[in-house]
Amino acid sequence: MAREDSPDESPWSPIHHPWFSRGYPWTERALERAVGSARRAQNQQAVGRTLVIGAGTGLDIPVLGEGVTDWVLLEPDATMRQILRRRYPAAEILSDRAEAISLPDASCDTVLTSLVLCSVGDVQRTLTEVARILVPEGQYLFLEHVANPHRGASLVQHGIEPLWRRLGGGCRLTRDVQAAVTESPLVLVACESVRTGGLLPVIRGRAVKNAGGPGER
């Protein structure tokens, strides 16, 4: 899948969206009304050592499954990390970008993202990193908003996306997450719609790392 970075945006550049990050906590209640039940159902599947990519304000943590033994939070935005440290002072918090995670190979049983792949600089690099750090047969759980397949809504998404990205911390409306996971080193085993229609249709799914490792299907 082709990279979607603009010429002046690199997936390795610092992430800094202070206005969006400071305002995000005010939207949490509305966000959880929209996707909270799907987030809970998704995160209940998490087991073992779990990495939460794009942890944001920590909404994923309270609904992690009982099978989770410990968890690590990855959040590259400095303002969001400040919120995480206040809410979870004992947590291990990484400042890495999702395209370059400073964890060893095969060090996590579960990796999860919730409404995160819309804003990473390079989706395929991110998914390759996910595959690298998962143990053999480890799982990747995702809950993501995606491109609307209907032409009218898709045209609106593409039309407003430049402004949306500026206001929404780099969020893109038009990514095809299911295709991206299918094309990654991971093996997609489940995917379903959670919310259809409008500008923010949402899917959730599960992919696994084959015992042979990244790149072997």
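Cut-offs applied
- Residues numbered from 1 in each chain as written.
- Predicted model: local features only at pLDDT ≥ 70, side-chain atom pairs only at ≥ 80, totals over all residues.
- Heavy atoms only, no water.
- Phe/Tyr/Trp six-rings, centres within 6.5 Å; stacked < 30°, edge-to-face > 60°.
- Helix = DSSP H or I, 4+ residues; strand = E, 2+ residues; numbered from the N terminus.
- Pairing = 2+ DSSP bridges.
- Axes fitted to C-alpha atoms, helices over the stretch in contact; angles between N-to-C directions.
- Buried < 20%, exposed > 50% of the residue type's maximum accessible area, 1.4 Å probe, protein only.
- Lys, Arg positive; Asp, Glu negative; His and termini not counted.
- Salt bridge = Lys/Arg side-chain N within 4 Å of Asp/Glu carboxyl O.
- Polar contact = N/O pair within 3.5 Å; in protein donor to acceptor, adjacent residues only side chain to side chain.
- Contact = heavy atoms within 4.5 Å.

For any pair of aromatic rings, the description rests on two quantities: the centre-to-centre distance and the angle between the ring planes. In total, this model carries two aromatic pairs according to the counting rule given. Judged by centre distance (5.7 Å) and plane angle (85°), the rings of Trp 71 and Tyr 88 are edge-to-face. Taken together, the residues Trp 71 in strand β2 (residues 68-74) and Tyr 88 in the loop between α3 (78-87) and β3 (92-94) connect sequence positions 17 residues apart.

This next bit is on the sheet that holds strand β1 (residues 48-53). Strand order in this open sheet of seven strands is β3-β2-β1-β4-β5-β7-β6, and the pairing throughout is mixed. Since the sheet does not close on itself, it has two edges, and those belong to β3 and β6 (187-195), each with one partner. Each strand axis lies, on average, 20° off the axis of its neighbour in the sheet, ignoring direction. Looking at chain direction, β6 and strand β7 (residues 202-208) are connected through seven bridges and run antiparallel. Looking across to β7, one finds that Ala 190 is bridged to Arg 206.

Inspection of the secondary structure assignment puts Asp 96 in the loop between β3 and β4 (108-114). No salt bridge is formed by the buried Asp 96, whose closest oppositely charged neighbour, Arg 132, lies at an N-O distance of 7.6 Å. Here Ser 102 takes part through its side chain, which lies 2.5 Å from a polar atom of the side chain of Asp 96. With residues up to four places along the chain from it excluded, the contact list for Asp 96 reads Leu 74, Glu 75, Pro 76, Ile 101 and Ser 102.

All right, on to unusual backbone geometry then. Even without being a glycine, Leu 115 presents a positive backbone phi close to 55°. Mapped onto the elements, Leu 115 comes out in the loop between β4 and α4 (123-133). On the basis of relative accessibility, which here comes to 19%, the residue Leu 115 falls in the buried class. Even without being glycine, Glu 137 reaches a positive phi, approximately 70°. By secondary structure assignment, the location of Glu 137 is in strand β5 (residues 134-145).

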